[in-house]
Amino acid sequence: MELIRRVKEMQETCLRLKKERKTIGLVPTMGYLHAGHLSLVQRARKENDIVVMSNFVNPLQFGPKEDFATYPRDLERDNKLAAEVGVDYVFAPTAEEMYPGNYSTYVEVTGEVTGKMCGISRPGHFKGVTTVVCKLFLITQADRAYFGQKDAQQAIVIRRMVQDLNIPLQIITCPIIREEDGLALSSRNTYLSPEEREQALALPRALRVGQQLIQEGERDPKRVKEKILQVLESSPGIRVDYVEVVNGDTLSELIELKGHVLLAAAVYVGKTRLIDNIDLEVEPCTAVC
Ligand code: PAF
């Protein structure tokens with residue numbers, strides 16, 4: 001595995017690989033790798049000749065009061081894990097390398113997909129994400145890029161960017177990887193104290209209650225949302241940021257639950273903000289509902 005720190009070198013390497021007709025799979029990360037990231041690499045490994053992983057804590061996607069400074073970082077450990085799981089190139093630029101002093105270009109997806117959920121709680125976040133991801137796509141010339149379903153809204157926003165800008169690349173969303181007790185893997189889980197770690201289980205539990213309600217025949221998104229909120233609000237240590245029950249492809253509001261449905265929530269446990277979601281295919285109600 002090769003570590004590349006300069007944009008020019010990464011771009012020239014990828015252009016050479018493309019000339020050799022190699023397919024490139026890109027796994028964008030902010031490092032502090034866990035099994036969720038590694039599952040993306042495994043999928044990329046199966047589907048491409050070359051796997052590039054980016055490891056870059058992108059300052060643009062953090063708000064002024066957010067955790068950019070404290071975000072966990074361990075490039076040495078990450079590189080070992082990346083090599084073990086079959087990454088060919090790790091691209092780990094500095095912030096100055098990605099955004100030199102005269103940097104002035106941003107990519108922003110507007111409208112419904114960014115105007116709700118994390119887009120409201122974290123103003124400017126998705127603009128930072130789409131800007132860096134667009135740069136990574138251009139630098140690596142990837143054929144496919146792999147993202148986790150845990151950041152469901154992020155994946156939808158990036159798909160929209162790719163569609164709108166006619167970027168010739170396929171976006172692949174991979175399933176959420178969870179701890180045995182249900183907590184979705186996240187680099188931010190390391191912030192949780194043992195007590196908070198226990199309290200955080202209310203998040204996947206509440207979403208499962210919502211899912212169960214749908215599986216039992218409920219088709220009113222408002223009632224599912226209320227139930228999820230009820231579970232979260234009655235759980236100690238949890239402060240709700242948002243709960244949404246929306247179309248899983250577009251994040252549009254639903255009058256009746258059918259098709260691809262996303263149950264998504266963000267909560268604070270202490271100072272740590274966690275997100276999670278469940279997406280499911282819902283049959284239209286056939287019985288008298
Ligand atoms: O999901 C992440 O880790 C980041 O948002 C990403 C896609 C690597 C962009 O910085």
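Source: prediction; values computed, not measured.

Reading guide: rules and limits
Residues numbered from 1 in each chain as written. Predicted model: local features only at pLDDT ≥ 70, side-chain atom pairs only at ≥ 80, totals over all residues. Heavy atoms only, no water. Axes fitted to C-alpha atoms, helices over the stretch in contact; angles between N-to-C directions. Helix = DSSP H or I, 4+ residues; strand = E, 2+ residues; numbered from the N terminus. Parallel < 35°, antiparallel > 145°, perpendicular 65-115°, else oblique. Contact = heavy atoms within 4.5 Å. Nonpolar A, V, L, I, M, F, W, Y, C, P; charged D, E, K, R; others polar. Near = heavy atom within 4 Å. Polar contact = N/O pair within 3.5 Å; in protein donor to acceptor, adjacent residues only side chain to side chain. Areas by Shrake-Rupley, 256 points an atom, 1.4 Å probe, with all protein chains shown as cover. Pairing = 2+ DSSP bridges. Patch = residues over 30% accessible without salt bridge, like charges linked within 9 Å, V, L, I, M, F, W, Y side chains within 5 Å. Salt bridge = Lys/Arg side-chain N within 4 Å of Asp/Glu carboxyl O. Lys, Arg positive; Asp, Glu negative; His and termini not counted. Charge placed at Lys NZ, Arg CZ, Asp CG, Glu CD. Buried < 20%, exposed > 50% of the residue type's maximum accessible area, 1.4 Å probe, protein only. Core = buried A, V, L, I, M, F, W, Y, C linked by side-chain atoms within 4.5 Å. Right-handed = clockwise from strand over helix to strand, strands pointing away. Phe/Tyr/Trp six-rings, centres within 6.5 Å; stacked < 30°, edge-to-face > 60°. Lys NZ or Arg CZ within 6 Å of the ring centre and 35° of its normal.

(A) Spotlight on the packing of helix α1 (residues 7-19) against helix α6 (residues 125-140). Between α1 and α6, the shortest axis-to-axis distance is 7 Å and the interhelical angle comes to 50 degrees. Between α1 and α6, the angle is such that the two are oblique. Side by side, α1 and α6 meet where Val 7, Met 10, Gln 11 and Cys 14 of the first sit next to Leu 138, Ile 139 and Thr 140 of the second. Partitioned by chemical class, the residues of the contact of α1 with α6 number five nonpolar, two polar and no charged.

(B) Examining the site of the ligand more closely. Near the ligand you find Pro 28, Thr 29, Met 30, Asn 58, Gln 61, Val 129, Val 132, Val 133, Phe 147, Asp 151 and Gln 154, and these make up its full shell. The contact in question runs from an oxygen atom of the ligand to an N or O atom on the side chain of Gln 154, over 2.7 Å. Taken by itself the ligand offers 290 Å² of open surface, and the protein chains cover 90% of this. Mapped onto the shell around the ligand, the elements with two or more residues apiece are β2 (24-29) and α6. For the shell around the ligand, the element with the most residues is α6, which contributes three residues. Among the residues forming the shell around the ligand, the class breakdown is six nonpolar, four polar and one charged.

(C) Spatial organisation of the sheet that holds strand β8 (residues 259-269). Taken together, the three strands give an open sheet; going across it, the order is β7-β8-β9, and neighbouring strands pair in antiparallel fashion. The sheet terminates laterally at β7 (238-247) and β9 (272-282), the two strands that pair on one side only. Strand-to-strand, the axes of this sheet are offset by a mean angle of 15 degrees, without reference to chain direction. Pairing of β8 with β9, which is carried by eleven bridges, proceeds in the antiparallel orientation. In the strand pairing of β9, Val 269 is matched with Thr 272. Taken strand by strand, helix α10 (residues 221-233) contacts β7 and β8, and its axis lies near 160 degrees from that of β7.

(D) Main features of a negative patch on the surface. Together, Asp 249, Asp 279, Glu 281 and Glu 283 make up a region of like negative charge exposed at the surface. Along the chain, the position of Asp 279 falls in strand β9.

(E) Here's a closer look at the side chain of Glu 196. Position of Glu 196 among the secondary structure elements: in helix α8 (residues 194-199). Put simply, Glu 196 is tucked away with no salt bridge, and the nearest opposite charge, on Lys 271, sits 8.6 Å away. When near neighbours in sequence (up to four residues on either side) are disregarded, Glu 196 contacts Tyr 191, Val 269 and Gly 270.

(F) Structural context of the nonpolar core. Val 52, Phe 91, Met 98, Phe 137, Ile 158 and Met 161 are the most contacted members of the largest nonpolar core, which has 46 residues in total. Looking at this core, the element that brings in the most residues is α6, giving eight residues. Residue contacts for Phe 91: discarding those within four places in its chain leaves Ile 4, Arg 5, Arg 6, Val 7, Met 10, Val 52, Met 53, Ser 54, Asn 55, Met 98, Leu 136 and Ile 139.

(G) Region of interest: the sheet that holds strand β6 (residues 170-174). Read across the sheet, six strands follow the order β1-β4-β3-β2-β5-β6 without closing on themselves; strand pairing throughout is parallel. With one partner strand each, in any of the chains shown, β1 (2-4) and β6 form the two edges of the open sheet. Each neighbouring strand pair of the sheet contributes to a mean axis angle of 25 degrees, computed without reference to strand direction. Pairing of β2 with strand β5 (residues 144-148), which is carried by two bridges, proceeds in the parallel orientation. Residue Gly 25 lies in a different strand from β5, and its bridge partner there is Arg 144.

(H) Looking closely at the environment of Gln 11. Position of Gln 11 among the secondary structure elements: in helix α1. For the pair Gln 11 and Ser 252, spaced 241 residues apart in sequence, the C-alpha separation works out to 37 Å. Not counting residues within four places of it along the chain, the set of residues in contact with Gln 11 comprises Leu 138 and Ile 139.

(I) Just the pairing of β6, in detail. In this sheet, β6 lies alongside β5 in parallel orientation, the contact comprising five bridges. Paired with Tyr 146 across the bridge in β6 is Ile 172. For the handedness criterion, the β-α-β arrangement of β5, helix α7 (residues 152-164) and β6 is classed as right-handed.

(J) Representation of the packing of aromatic side chains in the model. With the rule as written, the count across this model stands at five aromatic pairs. Here Phe 62 and Tyr 71 contribute two aromatic rings whose centre-to-centre distance is 5.8 Å and whose plane-to-plane angle is 75 degrees, an arrangement assigned as edge-to-face. An identical accessibility class is assigned to Phe 62 and Tyr 71; each is buried. Cluster of aromatic residues (ring-pair linked, three or more members): Phe 56, Tyr 99, Tyr 103 and Tyr 106. One residue, Arg 77, lies across the ring of Tyr 32, its end atom 4.9 Å from the ring centre. The ring of Tyr 106 has Lys 127 lying over it, and the distance from NZ or CZ to the ring centre is 5.2 Å.

Don't take any of this as a statement about function, it's just geometry.
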